[in-house]
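Here is how the chains run, residue by residue.
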Amino acid sequence: MISVNVRVPETMVDFIDVLVKHGFFASRSDAIKMMIAYYQEREKTREFLGMLSARSKEARANPDKLVPLK
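Residues numbered from 1 in each chain as written. Predicted model: local features only at pLDDT ≥ 70, side-chain atom pairs only at ≥ 80, totals over all residues. Heavy atoms only, no water.

Draft legend 1. Here's a closer look at the overall build of the protein. A tally of regular secondary structure across the protein gives two helices and zero strands. Its C-alpha atoms give the protein a radius of gyration of 20 Å, clearly above 11 Å, the size a compact globule of 70 residues would have. Overall size of the protein, expressed as C-alpha extent along the three principal axes, is 55 × 25 × 20 Å. Across the 70 residues that make up the protein, the buried fraction comes to 10%. (Helix = DSSP H or I, 4+ residues; strand = E, 2+ residues; numbered from the N terminus. Rg over C-alpha atoms; globule rule 2.2 N^0.38 Å. Buried < 20%, exposed > 50% of the residue type's maximum accessible area, 1.4 Å probe, protein only.)

Draft legend 2. Here's a closer look at the layout of surface pockets. Its boundaries defined by the atoms lining it, the largest pocket holds a volume of some 490 Å³. Around the largest pocket sit 15 residues that line it, and Val4, Val6, Arg28, Ser29 and Ile32 are the ones nearest its centre. Contributions of two or more residues to the lining of the largest pocket are made by helix H1 (10-21) and helix H2 (28-61). Broken down by element, the residue count for the lining of the largest pocket peaks at five residues, all from H2. In the lining of the largest pocket, the residues fall into 10 nonpolar, three polar and two charged. (1 Å grid on protein atoms, 1.4 Å probe; cavity = no way out; pocket = protein on both sides within 12 Å on 5 of 7 lines; lining within 4 Å. Points joined across faces, edges and corners; volume = space filled by probe spheres on them. Nonpolar A, V, L, I, M, F, W, Y, C, P; charged D, E, K, R; others polar.)

Draft legend 3. Region of the structure containing the side chain of Ser56. Following the sequence through the fold, Ser56 ends up in helix H2. Only 2.8 Å separates the side chain of Ser56 from the side chain of Arg60, close enough to count as a polar contact. (Polar contact = N/O pair within 3.5 Å; in protein donor to acceptor, adjacent residues only side chain to side chain.)

Draft legend 4. Expanded view of the packing of H1 against H2. Viewed as axis vectors pointing N to C, H1 and H2 meet at an angle of 105 degrees, and their least axial separation amounts to 9 Å. Classed by the angle they form, the pair H1 and H2 counts as roughly perpendicular. Each of Val13, Phe15, Ile16, Asp17, Leu19 and Val20 in H1 lies in contact with H2, whose residues at this interface are Arg28, Ala31, Ile32 and Met35. (Axes fitted to C-alpha atoms, helices over the stretch in contact; angles between N-to-C directions. Parallel < 35°, antiparallel > 145°, perpendicular 65-115°, else oblique. Contact = heavy atoms within 4.5 Å.)

Draft legend 5. Looking closely at the pattern of salt bridges. A complete count under the given rule lists five salt bridges for this structure. Connected via shared salt-bridge partners are Arg42, Glu43 and Arg46. (Salt bridge = Lys/Arg side-chain N within 4 Å of Asp/Glu carboxyl O.)

Draft legend 6. Spatial organisation of H2. In a regular helix each residue adds 1.5 Å, so 34 residues correspond to 50 Å; H2 covers 50 Å between its end C-alpha atoms and thus fits that length. Taken residue by residue, H2 has Ala31, Ser56 and Ala59 as its buried positions. (Expected span 1.5 Å × (residues − 1).)

Draft legend 7. Quick peek at a nonpolar patch on the surface. There is a patch of nonpolar side chains on the surface, built from Ile2, Val4, Val6, Val8 and Met12 and spanning about 540 Å² of accessible area. Looking at the secondary structure, you find Ile2 in the segment before H1. (Patch = residues over 30% accessible without salt bridge, like charges linked within 9 Å, V, L, I, M, F, W, Y side chains within 5 Å. Areas by Shrake-Rupley, 256 points an atom, 1.4 Å probe, with all protein chains shown as cover.)

Structure below.
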């Protein structure tokens, strides 16, 4: 893995430390990696939802060609 130095507000570090202290993550590094992974997954889901929405609009506009998503 590559090491990256990041400057973040102290309040964010305090929040991460609380999560580590309560056992949600093994370390600050694990917490930050998981938070980035969650963000990536959220963005993929958002893109997928956009595609589904566009496809559903297309289906409503062309009911003879596509089945709309309900």
